[in-house]
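Residue-level structural notes
Chain by chain, the residues run as shown.
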Amino acid sequence: MSDLSTVEANRIEMQSRLDLAKSQAERNKLGQFATPPDLAADILDYARSLFSPETPVRFLDPAIGTGAFYAALLRAFPASQIAEVVGYEIDPHYGQQTAALWSDTPLRLHITDFTQASSPDAHKATLLICNPPYVRHHHLDSAEKQRLQAQVWRAAGVRLSGLAGLYCYFLCIAHEWMADGGLAGWLIPSEFMDVNYGEAVKEYLLSAVTLLHIHRFDPDDVQFDDALVSSAVVWLRNEAPPPDHTVKFTYGGTLAQPRITRHIPVSRLRAARKWTQLTSDSAPASQTHLRLTDLFTIKRGVATGTNKFFILTPAQIDALQLPMECFTPILPSPRYLNADEIHADDQGNPILDRKLFLLTCDLPPDTIEARYPTLWGYLQSGVAAGIHERYLCRHRTPWYAQESRLPARLLCTYMGRRTEGSKPFRFILNRSKAIAANVYLMLYPKPFIAGLLDDDPALARSIWETLNAIDPEMLTGNGRTYGGGLHKMEPGELGNIPAGDVLALLPHAVLLI
Ligand SMILES: C[S@@+](CC[C@H](N)C(=O)[O-])C[C@H]1O[C@@H](n2cnc3c(N)ncnc32)[C@H](O)[C@@H]1O
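On a predicted model such as this, the values are computed, not experimentally measured, just so you know.

1. Some details on the pattern of salt bridges
Under the defined criterion, the tally for this structure stands at 17 salt bridges. The partner of R270 in a salt bridge is E203, with the nearest N and O atoms 3.5 Å apart. Placement of the pair is R270 in helix α9 (residues 266–271) and E203 in helix α8 (residues 199–207), with a sequence separation of 67 residues. E403 is the partner of R300 in a salt bridge, and the nearest nitrogen-oxygen pair spans 3.5 Å.

2. Overview of the packing of aromatic side chains
Aromatic ring pairs are reported here in terms of the distance separating the ring centres and the angle at which the planes meet. Overall, the coordinates contain 14 aromatic pairs when judged by the stated rule. Here Y88 and W177 contribute two aromatic rings whose centre-to-centre distance is 5.4 Å and whose plane-to-plane angle is 80°, an arrangement assigned as edge-to-face. With Y88 in strand β2 (residues 82–88) and W177 in the loop between α7 (166–173) and β5 (178–189), the pair connects residues that are 89 residues apart, well separated along the chain. Among the residues examined, W177 registers a relative accessible area of 5% and is labelled buried. For the pair W399 and Y400, a centre-to-centre distance of 5.4 Å together with 80° between the ring planes defines the contact as edge-to-face. By the burial criterion, W399 is buried, and Y400 matches it. Aromatic ring contacts, followed pair by pair, group F309, F310, Y378, W399 and Y400 into a single cluster.

3. Concerning α7
Summarising burial for α7: eight of the eight residues are buried, a large majority. Every buried residue of α7 is listed here: L166, Y167, C168, Y169, F170, L171, C172 and I173. Along its buried surface, α7 packs onto β4 (125–130), α6 (142–156), β5 and α8.

4. Remarks on helix α4 (residues 68–76)
Most of α4 is tucked away: eight of the nine residues are buried. Those residues of α4 that sit buried are A68, F69, Y70, A71, A72, L73, L74 and A76.

5. So, the sheet that holds strand β15 (residues 410–413)
Pairing within the open sheet is mixed, and its five strands lie in the order β10-β18-β15-β17-β13. Every interior strand has two partners, whereas the edge strands, β10 (296–300) and β13 (341–342), have only one. As judged from the four bridges shared by β15 and strand β18 (residues 440–445), these two strands associate in the antiparallel manner. Among the inter-strand pairings, C412 is bridged to a residue of β18, identified as L441.

6. Quick notes on the domain arrangement of the protein chain
Segmentation of the protein chain into domains returns domain 1 (4–243) and domain 2 (295–360 + 402–512). Spacing between the C-alpha centres of domain 1 and domain 2 amounts to 39 Å.

7. A word on the nonpolar core
Residues W186, F192, L205, W275, I463 and L494 are the most contacted members of the largest nonpolar core, which totals 83 residues. The dominant element in this core, judged by the number of residues it contributes, is α7, at eight residues. There are two domains that each give this core at least three residues, and those are domain 1 (4–243) and domain 2 (295–360 + 402–512). Residues within four places of W186 in sequence aside, it is in contact with P62, L128, C130, P132, F170, L171, A174, A232, V233, V234 and L236. Core analysis: the next-biggest nonpolar cluster, separate from the first, contains 38 residues, L312, L337, L379 and Y440 among them.

Analysis parameters
Residues numbered from 1 in each chain as written. Predicted model: local features only at pLDDT ≥ 70, side-chain atom pairs only at ≥ 80, totals over all residues. Heavy atoms only, no water. Salt bridge = Lys/Arg side-chain N within 4 Å of Asp/Glu carboxyl O. Helix = DSSP H or I, 4+ residues; strand = E, 2+ residues; numbered from the N terminus. Phe/Tyr/Trp six-rings, centres within 6.5 Å; stacked < 30°, edge-to-face > 60°. Buried < 20%, exposed > 50% of the residue type's maximum accessible area, 1.4 Å probe, protein only. Contact = heavy atoms within 4.5 Å. Pairing = 2+ DSSP bridges. Domains from an automatic or database assignment. Core = buried A, V, L, I, M, F, W, Y, C linked by side-chain atoms within 4.5 Å.

See below:
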């Protein structure tokens, strides 16, 4: 084999060539985001610090890509200690060239689906390092989920929720590939530490193996590529945990020199619902992630004061002969929206069965009286009915003025119930110039994203799909729940949701801003 640095330089060049030959969507589907070489080196150096120099290394990477970890293994461990190296890669696009690159080394590469491979009876892995594909559950069809769930149950005795991403299945399935006492380091999203689907994974980590250390990177360091913004490295040993075991939790800095270190007893971990908060100084850890509020200004829709008076149908406007220029299209309540994407006609009005318009005129009364007698008459009917005395109207000048809101491309419903097959909150892609009432939250992209959206119309759709794919548990966990299972979410609560998945859609350069 040529010297290690030449092979590594060739590998890095090959990685970017292979990545560029695929679209972002194709890479998302198989979770194809390579580990940066420096991080791979840190991880293998750390592995060596936990690994006995007397134990032969039988190395396994179940999702090897071009072999970022293998390259780092060859540098971190003496060749004499490396007894066996096995890799799996589902995609021949990467697999074939990886096989060629490492052909004169001990790597045994299987170009096939790791989750369907049979684990060996003997010579199991003493060192497993993996950055598994981060594929969200929405991309796994239900037959595939059932197969994976059965496999996880067989391999590790874990019952995984259907909301778990592919990385959770990898972690559990790999259990039966590990030698007794074997060491594993998993570079995975830190999400499992806080969400409901992560509970089974956490229980596995606390009972079936000895959880040694979880290091969480500080996303604000922005030292990683897009897909790794909120990652953690989970270190475990395949043996029963000792009594009174404590786990090292670190945050920020590097694996070897973290910014925050805590040693937490298993009993406390069992009781803690959100593990990411365990390493925070004072603020919840979620506050150190970039959140939706860093990407969007989120406002509640318009509170009209009296919808019946201020929001009219075209037929009512017509019958009262009111001036159309004093009205702005407004979306009907979410229950009248059959689809979550709203198209517009050539005037920008939403194409919907239920068409509504909000009276948006704040001209002074005498101007209205002179210019729009019919509207003046309508406002007088409001005064006669006492509308101008209602709380919101009383606090506005003139009383019929409305809060000003521009149309928002993205909206979220403000409240809802969780029923079979439906989510409590829906994100809406609004291609019309309609604004919205306070049954919606309006998401206005911050200027650096607004520019990107103008340049790339497909991006709005991807962001919308990603928002709709946010785990409902995460949304309801941040909002409030009322009797009868009614969930509500205020702008600040929506803003508090981690923005990792949306960030992953943005060009890397944007993250540096
Ligand atoms: C996050 S990348 C990591 C690649 C490499 N280990 C690294 O760290 O740079 C995950 C890799 O797993 C591969 N992959 C996805 N699904 C797989 C499966 N079911 N079995 C084996 N490999 C898979 C992808 O093609 C991709 O190359």
